[in-house]
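Spelled out from the first residue to the last, the chains are:
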Amino acid sequence: PALFQMSGSQPQVGRGVPCLRCRGLCTGFEPHSWRKICKSCKCSQEEHSLSSELDDDRKIGRLLSDSKYSSLTARLKGGDGGRIYKRNRMIVTNPNISGKDPTFDTITYEWAPPGLAQKLAMQYMELIPRELQPVAGTDGALHRRRRLARQLPLYDQDPAQCRGLADGEQKLMEEFVKKYKAEALGVGEVALPGQGGGGKEEEKAQDKSIDPGRAPESPNGALESAPAAGHYHCETCQQPVPGDCPVVYADRAGYSRQWHPACFVCCRCAEPLVDLIYFWKSGAAWCGRHYCESLRPRCAGCDEIIFSEDYQQVEGLAWHKKHFACLECETLLTGKPFTLANASLLCTTCSQSR
């Protein structure tokens, strides 16, 4: 099995790094005790600095381990015995013959669909908007990492990263994570139409274990039928899919459904699903953040999933009781007057002083 060497201790990401949004008004990241924001400027940690690539790969490695997608991870050499994401990078070298002596232009993609010939992988990339292509050193690569932080927060899968869990709730969260890994978590597969799942639909239909008089059944229990050759369409935009263009398959949806690469997005926020990692529910693909929120409320104070049945709710938002507090002075506001603006709570004193 593949082994990945892990580097030594990492510095705390973002600490002391000026905020990108505040344009120099914030002198450096000061972590709040339980909010996922800077104590100084109130912006998120991601506005100051993203986590390291190693931390990102460890996060996805943890997510995919103990699931049927664990083959996309590898054991870490040393460390805590955890697993790391075998993120598929793609390096493309193009000869440049415009000058007298030929040179080579090298492009590195921070992520590409695994298991594909480079030609098909490049076709996939060309079907994604240029500003979203994860080319190293570009806004596309940065956009990928921001989506990764937003869609797959570590505290949605690791109880040790949560500040909002009360005694006895860790077990509830562990069961929650175990259940979504078994029932909803998926990683999209890229293939030509009709070739998802390692073979053509026509070949699958001839599988002797399937009753020819009954349509194949998808993993969520819905009956489905494979489209006739040449009549494929995208699940999101419903437009036809050319037979020579790669599409995305989601095995939990069944292989009679496919998506244009640019159309494989979260049904809630419409953001492209980072590295094709999806959660399947109610006949649609969700990003991790919105899938978890569809099952349990998320605290508007600490951004963590709430596992207590006793929480505060105001105007469709939810808070842990201990986090229902003023953004500025931290005064608990249960039973007290307050204002709510942009999902932030303020006591009357702090509201008037703004």
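Along each chain, residue indices are assigned from 1 in the same order as the chain's sequence is written. Residue-level local features of this predicted model are given only where pLDDT is at least 70; pairs of side-chain atoms are given and counted only at 80 or more, and the full residue set underlies all totals for whole chains, interfaces and linings. With hydrogens and water set aside, each side-chain value is computed from the structure's full complement of heavy atoms.

Asks: Please explain the overall build of the chain as it appears in this structure.
Replies: Across its full length, the chain carries seven helices and 14 strands. Here the chain, with 354 residues, has 44% of them falling under the buried criterion. Contacts are residue-level and defined by heavy atoms, with any inter-residue pair within 4.5 Å sufficient. Sequence separation of at least 24 residues holds for 52% of the intrachain contacts in the chain that already meet a minimum separation of 6. For the chain, the exposed area adds up to about 18800 Å²; of that, 50% sits on carbon and sulfur atoms. Numbering of helices and strands starts at the N terminus; helices are DSSP runs of H or I of at least 4 residues and strands are runs of E of at least 2. Whether a residue is buried, partly exposed or exposed follows from its accessible area with a 1.4 Å probe, protein chains only, as a fraction of its type maximum: under 20%, in between, or over 50%, in that order. Here the Shrake-Rupley method, with its probe set to 1.4 Å, supplies the accessible areas, and only the displayed protein chains count as covering residues.

Asks: Whenever I open this one, the packing of aromatic side chains confuses me. Can you help?
Replies: To describe a pair of aromatic rings, you give the distance between the ring centres and the angle between the ring planes. By convention, a stacked pair of Phe, Tyr or Trp rings (six-membered ring in the case of Trp) has centres within 6.5 Å and planes under 30 degrees apart, an edge-to-face pair has planes over 60 apart, and any other such pair is tilted. Tallied over the entire structure, the rule returns 13 aromatic pairs. Measuring from ring centre to ring centre gives 5.4 Å for Tyr180 and Phe279, while their planes differ by 80 degrees; the resulting arrangement is edge-to-face. Here Phe279 lies in strand β9 (residues 277-281) and Tyr180 lies in helix α4 (residues 169-183), a separation of 99 residues in the sequence. Residue Phe279 is classed as buried on the basis of its relative accessible area, which comes to 2%.

Asks: Can you help me understand the sheet that holds β9 in this one?
Replies: Whenever strands of a sheet pair, they do so through backbone hydrogen bonds, lying parallel or antiparallel. Whether two strands pair comes down to DSSP finding at least two bridges between them. As summarised here, the arrangement of the three strands in space is β6-β9-β10, forming an open sheet in which the pairing is antiparallel. The strands lining the two open edges of the sheet, one partner per strand, are β6 (185-187) and β10 (284-286). Each neighbouring strand pair of the sheet contributes to a mean axis angle of 45 degrees, computed without reference to strand direction. Summarising the sheet, β9 and β10 pair through three bridges and their orientation is antiparallel. Among the inter-strand pairings, Trp280 is bridged to a residue of β10, identified as Ala285. Lines fitted to the C-alpha atoms define the axes, with helices restricted to the stretch that makes contact. Angles between their N-to-C directions range from 0 to 180 degrees.

Asks: In this structure, what is going on with the confidence of the model for the chain? I would like to understand it.
Replies: Close reading of the predicted structure is inappropriate where its pLDDT is low. Within a predicted model, pLDDT stands for the predictor's per-residue confidence, ranging from 0 to 100. Taken as a whole, the chain shows an average pLDDT of 85; of its residues, 85% reach a score of 70 or greater. Segment residues 1-12 is flagged for pLDDT under 50; beyond a separation of four residues in sequence, or across chains, it makes 22 contacts in the model. Considering only residues more than four positions removed or in separate chains, one finds that residues 200-229, a stretch of pLDDT under 50, has 42 contacts.

Asks: Please explain the nonpolar core as it appears in this structure.
Replies: It is characteristic of soluble globular proteins that their nonpolar side chains tend to be buried jointly. Counting residues in hydrophobic clusters, the biggest one holds 58 residues, and the most contacted among them are Phe264 and Phe279. Counting 16 residues, the second-largest nonpolar core is a separate cluster that includes Ile306, Val314, Trp319 and Leu333. Here, nonpolar core means buried Ala, Val, Leu, Ile, Met, Phe, Trp, Tyr and Cys residues that are tied together by side-chain atoms lying within 4.5 Å of each other.

Asks: I would appreciate a short explanation of empty space enclosed by the protein in the present structure.
Replies: To find leftover empty space, a probe the size of one water molecule is rolled over the atoms. Grid points spaced at 1 Å and placed over the protein atoms alone form the basis of the search, with a cavity being a set where a 1.4 Å probe fits but cannot get out and a pocket an open set showing protein on both sides within 12 Å along at least five of seven lines. Lining residues have an atom within 4 Å of a point. Grid points are joined across faces, edges and corners, and a volume is the space filled by probe spheres set on the points. The final tally for this structure, using the stated rule, is two cavities of 30 Å³ or more. As for the largest cavity, its lining consists of Leu63, Gln151, Leu152, Pro153, Asp156, Gln157, Tyr180, Phe279, Gly288 and Cys292. Amino acids outside the nonpolar list (Ala, Val, Leu, Ile, Met, Phe, Trp, Tyr, Cys, Pro) and the charged list (Asp, Glu, Lys, Arg) are all regarded as polar, and Gly is one of them. The residue inventory of the lining of the largest cavity, partitioned by class, reads six nonpolar, three polar and one charged. Estimates place the volume of the second largest cavity at around 30 Å³. Lining the second largest cavity, in full, are Glu53, Asp56, Asp57, Arg87, Arg144 and Arg145.

Asks: What is the right way to look at the environment of Cys237 in this model?
Replies: Along the chain, Cys237 falls in the loop between α5 (201-205) and β8 (247-249). By relative accessible area, Cys237 is classed as partly exposed at 30%. For the pair Cys237 and His260, spaced 23 residues apart in the sequence, the C-alpha separation amounts to 8.4 Å. When near neighbours in sequence (up to four residues on either side) are disregarded, Cys237 contacts His260 and Cys263.

Asks: Teacher, can you tell me more about unusual backbone geometry here?
Replies: What is expected of a backbone is that most residues other than glycine have negative phi and most peptide bonds are trans. Phi at Asp66 is positive, roughly 60 degrees, even though this residue is not glycine. Turning to its location among the elements, Asp66 is positioned in the loop between α1 (53-64) and β2 (73-77). At Gln238, a position not held by glycine, the phi torsion is positive, near 65 degrees. Turning to its location among the elements, Gln238 is positioned in the loop between α5 and β8. Residue Gln238 is classed as partly exposed on the basis of its relative accessible area of 46%.

Asks: Before we go on, may I ask you to explain the pairing of strand β12 (residues 317-320) in this structure?
Replies: The side chains of a regular strand alternate between the sheet's two faces. As paired strands, strand β11 (residues 311-314) and β12 are joined by four bridges and run antiparallel to one another. Residue pairing in the sheet places Val314 in a bridge with Leu317 of β12.

Asks: Just checking my understanding: could you explain the pattern of salt bridges for this structure?
Replies: Pairing is possible between side chains that carry opposite charge, provided their charged atoms lie close to one another. Salt bridges are counted wherever a side-chain nitrogen of Lys or Arg sits within 4 Å of a carboxyl oxygen of Asp or Glu. This model, assessed by the stated rule, comprises 19 salt bridges. Its salt-bridge partner being Lys42, residue Glu328 comes within 3.7 Å of it at the nearest N-O pair. One end of the pair, Glu328, is in the loop between β12 and β13 (338-341); the other, Lys42, is in the loop between β1 (3-5) and α1, with 286 residues separating them in the sequence. Overall, Lys42 belongs to the partly exposed group, its relative accessible area being 27%. For Glu293, the salt bridge goes to Arg298, with nearest N and O atoms at 2.6 Å. Its relative accessible area of 10% is what places Arg298 among the buried residues.

Asks: Explain helix α3 (residues 139-151) to me, please; I cannot follow it from the model alone.
Replies: Spacing of three or four residues puts side chains on the same side of an α-helix, whose turn is 3.6 residues. A helix is expected to span 1.5 Å multiplied by its residue count minus one. The end-to-end C-alpha distance of α3 is 18 Å, a good match for the 18 Å that 13 residues give at a rise of 1.5 Å each. Packing partners of the buried residues in α3 comprise α1, β3 (83-85) and α6 (288-295).

Asks: Just to check I follow, could you spell out the environment of Pro113 for this structure?
Replies: Relative to the helices and strands, Pro113 resides in the loop between β5 (103-109) and α2 (118-126). Once the C-alpha coordinates of Pro113 and Glu189 are considered, the two residues, 76 residues apart in sequence, prove to be 7.4 Å apart. Beyond its immediate chain neighbours, meaning those up to four positions away, Pro113 contacts Asn88, Tyr124, Met125 and Val190.

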